[in-house]
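Chains, contacts and geometry: an overview
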Amino acid sequence: MVKLTKQDVLHVAKLAKLDLTDFEIEKFTPQLSSVIDHFSELSEVDTGDAEPTSQTTGLENVYREDKVNIDQSLSQDDAISGSDKIHNGYFKVKAILEGRTDK
Amino acid sequence: MKNTNIPLTISETQEGLLKKRFSATELVDAYLGKINKAKDLNAYITVCEDEAYKKAGEVDRLISDNLPFILENFPLLGVGIGHKDLFLTKGIRTTAASKVLEGFIPVYSATVVARMEKAGGITLGKTNCDAWAHGASGENSDFGPTKNPWDGKFVPGGSSSGSAASVAAGLSLVATGTDTGGSIRQPANFCGVVGLKPTYGAVSRYGIVAMASSLDSVGNFGKSVADTETVFNVTRGEDGRDSTVKNTEFVKPRAKMKIGIPKEYFVEGVDKEVAESVIAASKVFEKAGIELTQVSLPHTKYAMSVYYIVQPAEVSSNLGRYDGIRYGNPRADFGAEAKRRIMLGTYVLSAGYYDAFYLKAQKVRSMLIKDFEDVFDKVDAVLAPVSPTPAFELGEKTANPLKMYLADIFTAPANLAGIPGLALPSGFNKEGLPLGFQLLGPRFSEPVLFELGKLYEKETDYKIVLPNL
């Protein structure tokens, strides 16, 4: 029986950029354990030399011409229309670097 | 026009419009009246009255202009459409049924939406679904569950819950949906309508919120096979915006066809009435001159494990883009099921587990595909149940995600193999809930499935019935 620990769940949540509440951690830990435990049935399957499937179309390297198609582009106004945190036509984000030394 | 007189097929609708028995504007009046009356079903998240009346006005002008070849140029003329709220609609709120996109107004439309509008279709609104298409019951919507129109105590199936309920209840003539592990076929089955999951790569996914990119298939619901075929023909084909889509030769129906019945789909846990109804459907085909044969898809039992590794892995990647910066709300607004799937997917892709879970699953997936290829060497199509049970009760499976996941057991294999599936209604069980079956075929064999579906409707003298709301 696979048993995820609270540490496992916190580690995965960090990788996925999710902040979980204590209640969610309590709830998800056994639920995820039971689903992952179900996966162990796959170890019964002898996959021999089967290649892994990544897609089913059989298509390879679909190219388009390397030129700008205005019909398939958004204007700057359209591109920023989904946010109200805009400054001079740019998205405002939190600083990711700290402790500037140049001033 | 009264709410109760809305035509039930595309051809009846267009005949009524062209013979001026009613106008498109009156038709929209009737649909909106009916949607309003059936609010308790919670089939729609957003109803777009203004846009619907504007489009109806255009349709009425086209008709009064008396254009030649109008139906050839506008095959969806006057068709009332519900779009799953995963399909971007320019200027109309699109939420994916999640609080993360609660106020999101797209600046462009999905290819499928644009093609249906260009063909004369009228968008009535955006239908409810499980948030991000995660679910088999509709209960994961952040906008509340949709109810089954045949009995409000039961789920309509999911994830395209509102689309199936809307078509079943006559709140739209057709509706769009996405099918990643059964999200069109299963709700079609639970609501007693026709649902098409096309071949992976037949219809563009451009402008549709991505769930699991190697599995997502874009299809539709209608009350008859002919209607789903019409919508498929309008929406399919390359658009230059989804590189998995190709224009290709379709497999054509043969004069003498064979249907395979897979023994792995009639196992313990399958409801007795469901199994009997599928066998009864097979007899209809046999009587019509189709040869039946038992076939085997030996890796079926592993499909759920493969699906619930591959799908959450791709979900965790696709939902990575929702950072609350460019549009939408922060990640804290994801509901419980989205968080579970992101966690599950991140776990199976994380260092130390990738080989044991993800890589192993993709190898078993190859064996599942091989199973189907071997079977389609011998038969034209496979006939099987859609779900092990008819619609279940609201709340019955919400506390146990594993139990909910197992509801996809007979639908997910087609997504893993990228093949098309057509779900058809076949009547009702003792409780009055819809029963049905699905036809699966090799890649790009939609014409074969439509032909068989229409044969079934003809042989059974199929009559469209609406629930009493």
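Predicted model only: the values in this text are computed from it and were never measured. (Residues numbered from 1 in each chain as written. Chains lettered and ligands numbered in written order. Predicted model: local features only at pLDDT ≥ 70, side-chain atom pairs only at ≥ 80, totals over all residues. Heavy atoms only, no water.)

**A look at the overall build of chain B**
From N to C terminus, chain B includes 15 helices and 11 strands. Principal-axis analysis of the C-alpha atoms gives chain B an extent of 65 × 60 × 45 Å. Residue burial in chain B is summarised as follows: out of 469 residues, 63% are buried. The long-range share in chain B, meaning contacts at least 24 apart out of those at least 6 apart in sequence, stands at 78%. Carbon and sulfur atoms provide 51% of the accessible area of chain B, an area that totals close to 16,300 Å². Side chains of chain B give 53 positive and 53 negative charges; the mean places of these two sets differ by 2 Å. (Helix = DSSP H or I, 4+ residues; strand = E, 2+ residues; numbered from the N terminus. Buried < 20%, exposed > 50% of the residue type's maximum accessible area, 1.4 Å probe, protein only. Contact = heavy atoms within 4.5 Å. Areas by Shrake-Rupley, 256 points an atom, 1.4 Å probe, with all protein chains shown as cover. Lys, Arg positive; Asp, Glu negative; His and termini not counted. Charge placed at Lys NZ, Arg CZ, Asp CG, Glu CD.)

**Focus: the side chain of Gln31 of chain A**
With respect to the element layout, Gln31 of chain A can be found in helix α2 (residues 22-39). Using a relative accessible area of 12% as the deciding quantity, one classes Gln31 of chain A as buried. For Gln31 of chain A, the contacting residues outside a window of four places in its chain are Arg340, Ala399 and Pro401 of chain B.

**Quick notes on the interface of chain B and chain A**
Contacts between chain B and chain A engage 52 residues on the former and 45 residues on the latter. Across the interface of chain B and chain A, roughly 4,300 Å² is buried in total on both sides, 68% from carbon and sulfur atoms. Scanning the region where chain B abuts chain A turns up 2 salt bridges. Across the salt bridge formed by Glu24 of chain A and Lys339 of chain B, the nearest N and O atoms sit 2.8 Å from each other. Taken together, chain B and chain A are joined by 15 residue pairs in polar contact (both at pLDDT 80 or more). Ranked by the residues each element gives to the side of chain B that touches chain A, the list is headed by helix α12 (residues 355-376) of chain B, at 11 residues. Broken down by class, the residue content of the side of chain B that touches chain A amounts to 29 nonpolar, 12 polar and 11 charged. (Buried area = accessible area lost by both parts, 1.4 Å probe. Salt bridge = Lys/Arg side-chain N within 4 Å of Asp/Glu carboxyl O. Polar contact = N/O pair within 3.5 Å; in protein donor to acceptor, adjacent residues only side chain to side chain. Nonpolar A, V, L, I, M, F, W, Y, C, P; charged D, E, K, R; others polar.)

**Focus on the side chain of Gln14 of chain B**
Residues and elements named next belong to chain B. Looking at the element boundaries, Gln14 is found in helix α1 (residues 10-18). Using a relative accessible area of 6% as the deciding quantity, one classes Gln14 as buried. In terms of polar contacts, Gln14 uses its side chain to reach the backbone carbonyl oxygen of Leu77, at 3.2 Å. Those residues in contact with Gln14 that sit more than four places away from it in its chain are Leu71, Phe74, Pro75, Leu76, Leu77 and Val79.

**A short note on the sheet that holds strand β8 (residues 291-295) of chain B**
Residues and elements named next belong to chain B. The strand order across the open sheet built from 11 strands is β1-β3-β2-β4-β6-β5-β10-β11-β9-β7-β8, with neighbouring strands paired in mixed fashion. Both edges of this open sheet fall to β1 (44-47) and β8, since each of them pairs with a single strand only. Each adjacent strand pair in this sheet contributes to an overall mean axis angle of 30°, direction not counted. Pairing geometry for strand β2 (residues 80-84) and strand β4 (residues 174-179), over 2 bridges, is parallel. Among the inter-strand pairings, Ile81 is bridged to a residue of β4, identified as Val174. (Pairing = 2+ DSSP bridges. Axes fitted to C-alpha atoms, helices over the stretch in contact; angles between N-to-C directions.)

**A few points about unusual backbone geometry**
Residues and elements named next belong to chain B. Of note, the amide linkage connecting Gly158 to Ser159 takes the cis form, showing an omega dihedral of 10°. Although it is not a glycine, Asn42 adopts a positive phi angle of roughly 60°. With respect to the helices, strands and loops of the structure, Asn42 is situated in the loop between α2 (24-37) and β1. Positioned with a positive phi, Ala133 is a non-glycine residue whose angle comes to about 70°. Examined against the element boundaries, Ala133 turns out to sit in the loop between β3 (122-127) and α6 (161-169).

**A short note on helix α5 (residues 111-118) of chain B**
Of all the positions in α5 of chain B, only Thr111, Val112, Val113 and Met116 of chain B are classed as buried. Elements that come into contact with the buried residues of α5 of chain B comprise β2, β4, β6 (217-222) and α8 (225-235) of chain B.

**Thoughts on the packing of aromatic side chains**
Each aromatic ring pair is specified by the distance between its two centres and by the angle formed by the two planes. All names here are of chain B. Evaluated as defined, the whole model comprises 22 aromatic pairs over all chains. Aromatic rings pair up to connect Phe104, Trp132, Tyr322, Tyr327 and Phe334 into one cluster. The side chain of Lys397 reaches across the aromatic face of Phe392, ending 4.3 Å from its centre. (Phe/Tyr/Trp six-rings, centres within 6.5 Å; stacked < 30°, edge-to-face > 60°. Lys NZ or Arg CZ within 6 Å of the ring centre and 35° of its normal.)

**A short note on the pairing of strand β7 (residues 258-262) of chain B**
Residue and element names in this part refer to chain B. When you tally the buried positions in β7, you get 4 out of 5 residues, the bulk of the element. Summarising the sheet, β7 and β8 pair through 5 bridges and their orientation is parallel. Within the sheet, the bridge partner assigned to Gly260 lies in β8 and is Thr293. Taking the sense of rotation as the criterion, the β-α-β connection linking β7, helix α9 (residues 272-287) and β8 turns out right-handed. (Right-handed = clockwise from strand over helix to strand, strands pointing away.)

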